[in-house]
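Reading the structure
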Amino acid sequence: MDNSPGGYKLSSEEILIFSELNDPELYKLKDFYFITLNYAHKLIESVIWFNLLEKGIVDKEWIKNIKQWIIDNEDFILNMNDN
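Figured I'd write up the structure that's included with this text.

What counts, and where the lines are drawn
Residues numbered from 1 in each chain as written. Predicted model: local features only at pLDDT ≥ 70, side-chain atom pairs only at ≥ 80, totals over all residues. Heavy atoms only, no water. Helix = DSSP H or I, 4+ residues; strand = E, 2+ residues; numbered from the N terminus. Buried < 20%, exposed > 50% of the residue type's maximum accessible area, 1.4 Å probe, protein only. Axes fitted to C-alpha atoms, helices over the stretch in contact; angles between N-to-C directions. Left-handed = near helix turned anticlockwise from the far one by under 90°. Contact = heavy atoms within 4.5 Å. Nonpolar A, V, L, I, M, F, W, Y, C, P; charged D, E, K, R; others polar. Salt bridge = Lys/Arg side-chain N within 4 Å of Asp/Glu carboxyl O. Phe/Tyr/Trp six-rings, centres within 6.5 Å; stacked < 30°, edge-to-face > 60°. Patch = residues over 30% accessible without salt bridge, like charges linked within 9 Å, V, L, I, M, F, W, Y side chains within 5 Å. Areas by Shrake-Rupley, 256 points an atom, 1.4 Å probe, with all protein chains shown as cover.

We now examine the overall build of the protein chain. What the protein chain contains, in helices and strands, is 2 helices and 2 strands. In sequence order, the secondary structure elements of the protein chain are arranged as β-β-α-α. Within the protein chain, the fraction of its 83 residues that count as buried is 19%.

As structure tokens, then:
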């Protein structure tokens, strides 16, 4: 099925990431979700390590939204990677 920009043929379990710096990268959907979950955890860690809240770089609402995203999605993503 030709369902992505540039005529790339993807299955329903694939995602193609485009960036201005690199060639398009193909990921399995479950890997993409797992990477995203890891980034979310790293975001929260960096708030603590680099005092981003105290420096005014992020606010409490941003932190709350990231934490809520993790709560809402972590079980689904981890179970997805078991398959």
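Taken N-terminus to C-terminus, the directions of helix α1 (residues 29-49) and helix α2 (residues 60-80) make an angle of 145 degrees; their axes are 9 Å apart at the nearest point. The element α1 and its partner α2 pack so that their crossing is left-handed. Along the contact surface, α1 presents K30, Y33, F34, T36, L37, A40, H41, L43, I44 and V47, while α2 presents W62, I63, I66, K67, W69, I70, E74, I77, L78 and M80. Residue composition of the contact of α1 with α2, by class: 15 nonpolar, 2 polar and 3 charged.

Let's shift gears to the pattern of salt bridges. Inspection of every chain in the model, using the stated rule, returns 2 salt bridges. Ionic pairing is found between K64 and E61, a salt bridge with its closest N-O pair at 3.6 Å. Remark: E61 and K64 occur in helix α2; sequence separation between them is 3 residues, near one turn of the helix. The partly exposed category is assigned to K64, whose relative accessible area is 49%. Accessibility expressed as a relative area gives 42% for E61, which makes it partly exposed.

As enumerated under the stated definition, the model contains 2 aromatic pairs in all. For the pair F32 and Y33, a centre-to-centre distance of 6.1 Å together with 55 degrees between the ring planes defines the contact as tilted. Here the aromatic rings of Y33 and F76 are separated by 6.2 Å at their centres, their planes lie at 75 degrees, and the arrangement is edge-to-face. Highlighted residues: Y33 in helix α1 and F76 in helix α2, separated in sequence by 43 residues. Here the aromatic cluster, defined as three or more aromatic residues joined through ring pairs, consists of F32, Y33 and F76.

Its identity as a non-glycine residue notwithstanding, N51 has a phi of 50 degrees, on the positive side. Tracing the backbone through its elements, the reader meets N51 in the loop between α1 and α2.

The subject of this paragraph is a nonpolar patch on the surface. The grouping of I48, W49 and F50 at the surface amounts to a nonpolar patch, some 440 Å² of accessible area in total. Residue placement: I48 occurs in helix α1.

On to the environment of M80. Looking at the element boundaries, M80 is found in helix α2. For M80, a relative accessible area of 15% puts it in the buried group. As for M80 and K30, which are separated by 50 residues in sequence, their C-alpha atoms are 6.2 Å apart. When residues no more than four places from it in sequence are discounted, the contact partners of M80 are K30 and Y33.

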